[in-house]
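Residue-level structural notes
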Amino acid sequence: MQMESLNSDQMASKAQQIWAMLDDMAENDPAAYQKFIDQQMKEGRDNMTLPEPHMCVLVTMCTKPPKKLYINFCSWKRVPEPKSPQDPVPVTGIPITHEESQEGSFALTSVAFNPQVLEEYGRNAKNPVDGDTLIQLALDYIEAQCNVKVHRTYTVLSKDILFKGDFDHVRLQFKNVFKRKEPSSGEGREQEDVLGSIDTENLLHQILNISGSQKISDKKTVNSVLQKNKDKKLIEEIKDIKLTTPKYSLETVNMRTEKHLVLKVELCNVNSVSQCELDISEDDVFLLVPGLYELKVKLPNCINDESAKAKFCKKTSTLTVTMPFKY
């Protein structure tokens, strides 16, 4: 998956375009705006999911003496699908570690693919050739990333052994992979590290598609919106700024036959929802307005985070989050 590489000025321009269009959508088409927010929240939840074990493959490293290498194949929604059958298959992995057991020493590593890729080409692949192709792809990736050589014959362990090692540690290692600032990449390779810059073009297309026939999709209107916002300072380096906990209220409200938690947050000096970063889970809410506010609220009841809704009122600078109880 190739993503556009942008410099800081280009990123600022893209950000300005996205924020302006979101503001316009929120004002002129609240329904489309809510649909976009719901879609982004779902994608955000997918990004927060953890890798799950799919199968474990045993190969032999070309070392003296030879050493067993166990490879955990993981399913992870954070790894994107190939954009088309002709595009490379995205894959990411963690470094090889060396372990000791009663049977002797062995090596261990893990790779992650999108769940749809593993469903089609993984353990239960309808065509054995497809399953072999996926494993050989993983071996190519491991050799390139870890600077090792492995024999290309392998054994897929039984369904009773989906992974080797401490899987909580494996998940932590994958989480750390996404913190790296400069992922490795190489043109012409059949695999790649999935880390990259934000796909701003895709985000813009989502906004336009959700807006449908609204004027925001008209190029002249988009340009006028950008012209209206051209003087806004969109990127600012913030140093040693202490974030404030905003005033908020949390109450239980009966709506029809369901109980809801309603969180209201006062955000003075906030003019747009685009300034807010909101993360809702079953038992807490985290809100960040870079440079201004930070709020984490522990919820007294578990809520259905997939049905939670957020609305920002410009007139009162109040963010309202409505969350149905989870039964």
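Residues numbered from 1 in each chain as written. Predicted model: local features only at pLDDT ≥ 70, side-chain atom pairs only at ≥ 80, totals over all residues. Heavy atoms only, no water.

The name an unreviewed UniProt entry gives the chain is PIH1 domain-containing protein 2, with Biomphalaria glabrata as the organism. Its UniProt record gives the chain the following Sequence similarities (unreviewed entry) comment, quoted word for word: "Belongs to the PIH1 family." (UniProt positions renumbered as here; feature names shortened; annotations may be inferred.)

Another point: the pairing of strand β7 (residues 248-255). Put simply, side chains in a regular strand alternate between the two faces of the sheet. Pairing analysis gives eight bridges linking β7 to strand β8 (residues 258-266), with the strands arranged antiparallel. When the sheet's bridge partners are listed, Val253 is paired in β8 with His260. Hairpin remark: β7 followed by β8, antiparallel, with two residues in the connecting loop; positive phi at Arg256, about 60°. (Pairing = 2+ DSSP bridges. Helix = DSSP H or I, 4+ residues; strand = E, 2+ residues; numbered from the N terminus.)

Core analysis: the biggest nonpolar cluster contains 23 residues, and Leu69, Ile71, Phe73, Val111 and Phe113 have the highest contact counts within it. For this core, the elements supplying multiple residues, two or more each, are β1 (52-61), β2 (67-75), β5 (104-113), α3 (115-121) and α4 (128-146). Among the elements that line this core, the one with the most residues is α4, at seven residues. When neighbours within four sequence positions are excluded, Leu69 is seen to be in contact with Val57, Leu58, Val59, Met61, Ile96, Ala107, Leu108, Thr109, Ile142 and Val150. In this structure, Val285, Tyr293, Leu295 and Ala308 belong to the second largest nonpolar core, which totals 22 residues. (Core = buried A, V, L, I, M, F, W, Y, C linked by side-chain atoms within 4.5 Å. Buried < 20%, exposed > 50% of the residue type's maximum accessible area, 1.4 Å probe, protein only. Contact = heavy atoms within 4.5 Å.)

Covalent bonding between the sulfur atoms of two cysteines is what defines a disulfide. Tallied over the entire structure, the rule returns zero disulfides. The thiol of Cys56 is unpaired, and the distance to the nearest cysteine sulfur, on Cys74, comes to 9.4 Å. (Disulfide = S-S within 2.5 Å.)

Next up on the list: the sheet that holds strand β13 (residues 318-324). Strand order across the open sheet formed by four strands is β7-β8-β13-β12, with antiparallel pairing between neighbours. Since the sheet does not close on itself, it has two edges, and those belong to β7 and β12 (309-313), each with one partner. On average, each strand axis in the sheet is tilted by 20° relative to the strand beside it, whichever way the strands run. By the bridge criterion, five bridges tie β12 to β13 in an arrangement that is antiparallel. (Axes fitted to C-alpha atoms, helices over the stretch in contact; angles between N-to-C directions.)

Sheet strands associate in pairs through backbone hydrogen bonding, adopting either a parallel or an antiparallel arrangement. Strand order in the open sheet formed by three strands is β9-β10-β11, and the pairing between neighbours is antiparallel. With partners counted over all chains shown, the strands left at the sheet margins are β9 (277-280) and β11 (293-298), one partner each. Across this sheet, the average inter-strand angle for adjacent strands is 5°, counted without regard to direction. With six bridges connecting them, strand β10 (residues 284-289) and β11 associate as antiparallel partners. Directly across from Asp284, in β11, lies its bridge partner Lys298.

Moving on, we get to the packing of aromatic side chains. Per the counting criterion, the structure on display carries four aromatic pairs. Where Tyr70 meets Phe106, the ring centres are 5.4 Å apart and the plane angle is 90°; that geometry is what we call edge-to-face. You can see Tyr70 sitting in strand β2 and its partner Phe106 sitting in strand β5, a full 36 residues away along the chain. For the pair Tyr70 and Phe106, a shared accessibility class is recorded, and that class is buried. Centroid distance Phe163 to Phe167: 5.0 Å. Interplanar angle 55°. Geometry classified as tilted. Accessibility expressed as a relative area gives 33% for Phe163, which makes it partly exposed. The class of Phe167 is buried, set by a relative accessible area of 7%. Over the face of the ring belonging to Tyr70 we find Lys164, whose NZ or CZ atom lies 4.7 Å from the ring centre. (Phe/Tyr/Trp six-rings, centres within 6.5 Å; stacked < 30°, edge-to-face > 60°. Lys NZ or Arg CZ within 6 Å of the ring centre and 35° of its normal.)

This paragraph deals with α4. Side chains three or four residues apart in an α-helix point the same way, a direct result of the helix having 3.6 residues per turn. Look at α4: 27 Å from first C-alpha to last across 19 residues, which is about the 27 Å you get at 1.5 Å a residue. What α4 keeps buried is the set Gly131, Leu134, Ile135, Gln136, Leu137, Ala138, Leu139, Tyr141, Ile142 and Glu143. Looking at the buried positions of α4, the neighbouring elements they touch are β1, β2, β3 (92-93), β5, α3 and β6 (155-156). Residue Asn127 occupies the N-cap position of α4, its side-chain oxygen lying 2.9 Å from the main-chain nitrogen of Val129. (Expected span 1.5 Å × (residues − 1). Polar contact = N/O pair within 3.5 Å; in protein donor to acceptor, adjacent residues only side chain to side chain.)

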